[in-house]
Amino acid sequence: MKIKGKKRTIIRAVIGLSSFFLIWEMIVRLGIIPRNRMSPFTEVIATFIRKITDPTPDGATIIEHFLTSFSVAFSGFVVAALIGVPLGMMMGYNRYAKAYANTIFEILRPIPPIAWIPIIMLLLGIGTSAKIFIIFVAAVVPAVINSYTGIKRVPEVYINVGKSLGMSHFKIFTKICIPHALPAVFTGLRLSLNTAWVALVAAELLASTKGLGYMIQIGRVLAKPEIIITGMIVIGCSGAVMSGLLGLFEKRFAKWSRK
Amino acid sequence: MSVVGDICVRNISKSFNNNGKKIEVLKDINFEIHKNEFLVLFGPGQCGKSVLMEIIANISEPDSGEIMCDGKKLREEDLCMVFQRYALFPWKTCLKNVEMPMKFKGVSKEKREEKAKEYLKLVELEGFENSYPRQISGGMKQRVAIARAYAKECDILLFDEPFGALDAQTRYSMEKELIKIWQSEKKTVVFITNNIEEAVYLADRIIILGGSPSSITEEFKIEIPRPRNRSDQAFLAIRKEIENRAVHSDIVSG
């Protein structure tokens, strides 16, 4: 029964997806939307396969674009995690740390990452470091907030157990609070990764010479919708894959939270 | 390991601040805890029993008064506490939970694993070493918590309504177990409960807290031999007496 049910779900997903592609293909092939504004599905697939090795017309293969985008997004994400997680945890554990950092954090937090782009471009130009900084600004916020709440939510009784077992404040923090907060931290990191990816594409749309955001921007300039859509699909799939990889990490390090 | 004698609870008072209003919880509490005795602190909910326990355990500070032992302040390493809601660390296995207090004393890995297994055996949980807390029942969790407290190898054990969340049947068997464990390895025990039957079943001596702010209203010595029978005449008589006096004193003071 169970296997049969699973099979059915897969079949339905395939039917749903193929009808979507079919309708898309028909709309363009029948000329409902003109070819210079939208490409049919099959052409996008062909473009994707061609772009794996062909750098024209936008100057780089899709693999080069992906690697450029990925390395920038990943660097920004790592910096955000390395700074954001400890910062959030300290704010959660120590009320003085919170008092110092909270106001400034609350003021900076609602500024959309994209609104940082002009000032960062003035400060750092349009190079890689500028993009990493934009991604950092975007990704650090969920890392801090979730690490903070993760620590805040440690039940008081666990801290009392720690005291009762003769643990020092430092040990209570490292051996009780951090393990307890890990699932929340991972939730934060997953959100960070998503935001990092979103911010990256935004940054590349504005100023870059390579990368997936640049690729779709060139697609628009050259009026080549197949390039735009290929880029969009790669952006979507890579985001999903990265999120999945982080999920595997989470399973490994915070498996106790799973029921 | 240091061996501590009697403990003196001297003039303990504590109040809390509630929206600018001072609420006195404990007022001038004085009593002694004898070495290796099973002392039960009995009182209605919200009477400050747990606050008193936390003060004894050095988790919170009293406004005035002190807890003395052999003429010195009672030290943290001399006692261990078992909490109401088990408070096992969910990311550690039962064995690792029991190992924890030894780990912080710097006991070697092999030694503490061996000891932890012994303590799990003491609470009859052999075979559950590698289970996670979420995989075992409430009664079993509390037994792991007791094993963990024993593993600290201190002289004084504090129990803060440890069986309050258990069903009646599990509770009976846990009380029986606890007495058995305590008899096989004697320690000074301070046990909080709001259940008269539990108090009479377990205690060498019962101290009753009541009033607002709370103070000690009564003290009973229970001299029924163990194992005790809850439907025994002597048991029921003491139970009734405590019930009358405790309820009575509550009316008078409050």
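Since the structure is predicted, the reported quantities are computational estimates derived from the model, not experimental observations.

**Q** Explain the interface of chain A and chain B here, please?
**A** With 17 residues of chain A in contact, the opposing surface of chain B contributes 19 residues. Together, the buried faces of chain A and chain B total about 1800 Å²; carbon and sulfur atoms form 73% of this surface. Counting across the chain A and chain B interface gives three residue pairs in polar contact (both at pLDDT 80 or more). For the side of chain A that touches chain B, the elements supplying multiple residues, two or more each, are α7 (156-164) and α8 (169-206) of chain A. The element that contributes the greatest number of residues to the side of chain A that touches chain B is α7 of chain A, accounting for six residues. Residue composition of the side of chain A that touches chain B, by class: eight nonpolar, four polar and five charged.

**Q** Just checking my understanding: could you explain the sheet that holds strand β8 (residues 188-193) of chain B for this structure?
**A** Within a beta sheet, neighbouring strands are joined by backbone hydrogen bonds and run either parallel or antiparallel to one another. Residue and element names in this part refer to chain B. Here we have six strands laid out as an open sheet, ordered β6-β7-β8-β3-β9-β10, and mixed in their pairing. Only two strands of the sheet have a single partner each, and these edge strands are β6 (79-82) and β10 (215-221). Strand-to-strand twist in this sheet, taken as the mean axis angle between neighbours without regard to direction, amounts to 20 degrees. Where strand β7 (residues 156-160) and β8 come together, five bridges link them in parallel fashion. From the neighbouring strand, Leu157 faces β8, where its bridge partner is Val189. Packed onto the sheet, helix α4 (residues 138-151) meets β6 and β7 and runs at close to 175 degrees relative to β6.

So, how was this worked out
Residues numbered from 1 in each chain as written. Chains lettered and ligands numbered in written order. Predicted model: local features only at pLDDT ≥ 70, side-chain atom pairs only at ≥ 80, totals over all residues. Heavy atoms only, no water. Contact = heavy atoms within 4.5 Å. Buried area = accessible area lost by both parts, 1.4 Å probe. Polar contact = N/O pair within 3.5 Å; in protein donor to acceptor, adjacent residues only side chain to side chain. Helix = DSSP H or I, 4+ residues; strand = E, 2+ residues; numbered from the N terminus. Nonpolar A, V, L, I, M, F, W, Y, C, P; charged D, E, K, R; others polar. Pairing = 2+ DSSP bridges. Axes fitted to C-alpha atoms, helices over the stretch in contact; angles between N-to-C directions.

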